[in-house]
Amino acid sequence: AKAPVNVTVTGAAGQIGYALLFRIASGQLLGADTPVRLRLLEIPQAIKAAEGTAMELDDCAFPLLAGVDIYDDPRKAFDGVNVALLVGARPRTKGMERRDLLEANGGIFGPQGAAINDGAADDVRVLVVGNPANTNALIAQAHAPDIPADRFTAMTRLDHNRALSQLAAKLNVSVSDIKKLTIWGNHSATQYPDIFHAEVNGRSAVEAVNDEEWLRDTFIPTVAKRGAAIIEARGASSAASAANAAIDHVYDWVNGTPEGDWTSVALPSDGSYGVPEGLVSSFPVVSRNGSWEIVQGLEINEFSRERIDASVRELEEEREAVRALGLIK
Ligand code: NAI
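Residues numbered from 1 in each chain as written. Predicted model: local features only at pLDDT ≥ 70, side-chain atom pairs only at ≥ 80, totals over all residues. Heavy atoms only, no water.

Visitor: How should the nonpolar core be read in this particular structure?
Guide: It is characteristic of soluble globular proteins that their nonpolar side chains tend to be buried jointly. Counting 39 residues, the largest nonpolar core has Leu 167, Ile 195, Phe 219 and Phe 283 as the members making the most contacts within it. Looking at this core, the elements with two or more residues in it are helix H6 (157-171), strand S8 (182-184), helix H7 (205-209), helix H8 (212-224), strand S12 (263-268), strand S13 (280-288), strand S14 (291-294) and helix H11 (302-324). When sequence neighbours within four positions are dropped, the list of residues in contact with Phe 219 reads Ala 163, Gln 166, Leu 167, Pro 193, Ile 195 and Trp 214. Within the second largest apolar cluster, 32 residues are counted, among which are Val 9, Leu 21, Leu 65 and Met 155. (Core = buried A, V, L, I, M, F, W, Y, C linked by side-chain atoms within 4.5 Å. Buried < 20%, exposed > 50% of the residue type's maximum accessible area, 1.4 Å probe, protein only. Helix = DSSP H or I, 4+ residues; strand = E, 2+ residues; numbered from the N terminus. Contact = heavy atoms within 4.5 Å.)

Structure follows, in structure tokens:
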């Protein structure tokens with residue numbers, strides 16, 4: 001039998017945590033032949049709630065679940081970690097300035113990055129879900145100089161899945177008929193969902209849509225503002241769909257993306273497509289042998305260039321702001 005994989009989930013008592021932990025324990029994160037040991041990190045006030053969730057995990061009698069441990073100390077929670085899901089973050093509260101938001105999150109993701117640097121297993125993979133996800137990932141990565149930078153990722157898979165679903169509905173096809181869609185840039189309202197390279201049953205998605213106005217005025221804003229629309233409708237932010245996207249992200253990272261398709265992941269830029277090196281920005285990627293590779297050689301038209309550049313500019317501003325706060329060098 002395989003040895004259990006250590007999966008640390010931060011913010012485990014939150015709403016995404018509640019939608020995520022049971023799916024991890026059932027084998028959906030890594031595959032049905034891989035046992036997992038869950039390590040939950042929470043702040044002291046939420047430990048009791050995390051214990052309640054752990055009781056429910058026990059009550060599921062998941063055959064693959066090798067154990068659940070609960071911590072309020074990142075050093076302990078990340079000791080020996082193989083997969084780190086950084087979900088817990090400081091939300092923006094009413095009247096909070098962006099600077100305060102970045103600073104509060106720097107206080108979380110800096111120490112967590114350092115703890116991962118010092119304690120994680122050699123094969124550690126990190127997914128940041130907590131917002132602002134790209135810049136939180138940048139901060140964590142900057143505190144982990146001994147770990148290859150491309151092990152730090154931020155989640156744009158929910159945006160990717162939202163875009164797939166919107167496009168499938170427009171064309172009246174199944175989501176599985178669509179390949180090679182891309183989310184570029186920041187997981188924010190400036191993100192750019194790109195269908196210029198997408199294929200629908202092997203033919204060009206843009207040609208199938210044949211409606212630039214829909215693309216510009218409906219598709220892109222619907223995907224980019226979907227998070228706000230969910231809050232408006234549900235009275236709470238996306239949780240099950242965010243958990244689902246986190247599962248998809250890690251599953252593909254470990255098991256590979258299907259031949260003839262790609263997905264979207266925010267990871268430290270290597271300079272591809274003119275995105276400044278080091279910025280954690282979303283790209284089209286494939287997963288091969290357990291690593292993400294940015295898809296190269298795509299032609300970027302003017303419509304796309306403008307939108308990618310605008311989102312990347314926002315990421316640069318966030319990086320400047322956290323530098324000015326002394327959160328990264
Ligand atoms: P929530 O507020 O229900 O849960 C967050 C949990 O994190 C709380 O239990 C809190 O105690 C915990 N936490 C706070 N600071 C912590 C720390 N230093 N260490 C460990 N735990 C800590 O929030 P929810 O709905 O679960 O969302 C979590 C994050 O995910 C938010 O930042 C949200 O904006 C983000 N998000 C990102 C998405 C994406 O696509 N990248 C999609 C949806 C949400």
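Following the structure, the description resumes.
Visitor: I would appreciate a short explanation of helix H4 (residues 98-119) in the present structure.
Guide: Since the α-helix advances by 3.6 residues per turn, residues separated by three or four positions end up pointing in the same direction. End to end, H4 covers 31 Å across 22 residues, agreeing with the expected 32 Å (1.5 Å per residue, within 8%). Maximum bend of H4: about 30°, positioned at Gly 106. (Expected span 1.5 Å × (residues − 1). Bend = angle between axes of the 7 residues up to and from the residue.)

Visitor: How should I be thinking about the site of the ligand in this particular structure?
Guide: Taken together, 23 residues sit near the ligand, with Gln 15, Ile 16, Glu 42, Val 129 and Asn 131 positioned nearest. Asn 131 places a side-chain nitrogen or oxygen 2.8 Å from an oxygen atom of the ligand. Taking His 187, its side chain carries an N or O atom lying 3.2 Å from an oxygen atom of the ligand. Compared with its free state, where it exposes 860 Å², the ligand has 80% of that area covered by protein. The set of elements that each furnish at least two residues to the shell around the ligand consists of helix H1 (15-25) and H4. Residue composition of the shell around the ligand, grouped by class: twelve nonpolar, ten polar and one charged. (Near = heavy atom within 4 Å. Polar contact = N/O pair within 3.5 Å; in protein donor to acceptor, adjacent residues only side chain to side chain. Areas by Shrake-Rupley, 256 points an atom, 1.4 Å probe, with all protein chains shown as cover. Nonpolar A, V, L, I, M, F, W, Y, C, P; charged D, E, K, R; others polar.)

Visitor: What am I meant to see in the UniProt feature "binding site: substrate" (unreviewed entry) in the chain here?
Guide: Per the UniProt annotation, the sites labelled "binding site: substrate" (unreviewed entry) are Arg 92, Arg 98, Asn 131 and Arg 162. Look at the named residues: they lie 71 residues apart in sequence, and the longest C-alpha span between them is 26.0 Å, so in the fold they stay spread out. Here Arg 92 is in contact with Glu 97, Arg 98 and Leu 101, once residues within four sequence places are set aside. Only 3.3 Å separates the side chain of Arg 92 from the backbone oxygen of Met 96, close enough to count as a polar contact. By the element assignment, Arg 162 lies in helix H6. For Arg 162, a relative accessible area of 11% gives the class buried. In contact with Arg 162, other than residues within four places in its own chain, are Val 223, Arg 226, Gly 227, Ile 230 and Ser 238. (UniProt positions renumbered as here; feature names shortened; annotations may be inferred.)

Visitor: Even after reading the chapter, I still don't get the packing of H1 against helix H2 (residues 47-60), so can you show me in this structure?
Guide: Between two packed helices, the angle of one axis relative to the other and the distance separating the axes together describe the packing. Contact pair H1 / H2: the axes reach a minimum separation of 11 Å and the direction vectors enclose 30°. With respect to each other, H1 and H2 are oriented roughly parallel. As for how H1 packs across H2, the hand of that crossing is right-handed. The residues of H2 that touch H1, namely those facing Tyr 18, Leu 21, Phe 22 and Ala 25, are Thr 53, Glu 56, Leu 57 and Cys 60. For the contact of H1 with H2, the class distribution of residues is six nonpolar, one polar and one charged. (Axes fitted to C-alpha atoms, helices over the stretch in contact; angles between N-to-C directions. Parallel < 35°, antiparallel > 145°, perpendicular 65-115°, else oblique. Left-handed = near helix turned anticlockwise from the far one by under 90°.)

Visitor: Would you take a moment to explain the pattern of salt bridges for this structure?
Guide: Where charged atoms of side chains with opposite charge meet at close range, the side chains can pair. Taken as a whole and assessed by the stated rule, the structure comprises 13 salt bridges. In this structure, the salt-bridge partner of Asp 252 is Arg 157, at a minimum N-O distance of 2.9 Å. Highlighted residues: Asp 252 in helix H10 (residues 240-255) and Arg 157 in helix H6, separated in sequence by 95 residues. A relative accessible area of 10% means that Asp 252 is categorised as buried. Its salt-bridge partner being Glu 259, residue Arg 288 comes within 3.7 Å of it at the nearest N-O pair. You can see Arg 288 sitting in strand S13 and its partner Glu 259 sitting in the loop between H10 and S12, a full 29 residues away along the chain. Salt bridges sharing common partners tie together Glu 212, Arg 216 and Asp 217. (Salt bridge = Lys/Arg side-chain N within 4 Å of Asp/Glu carboxyl O.)

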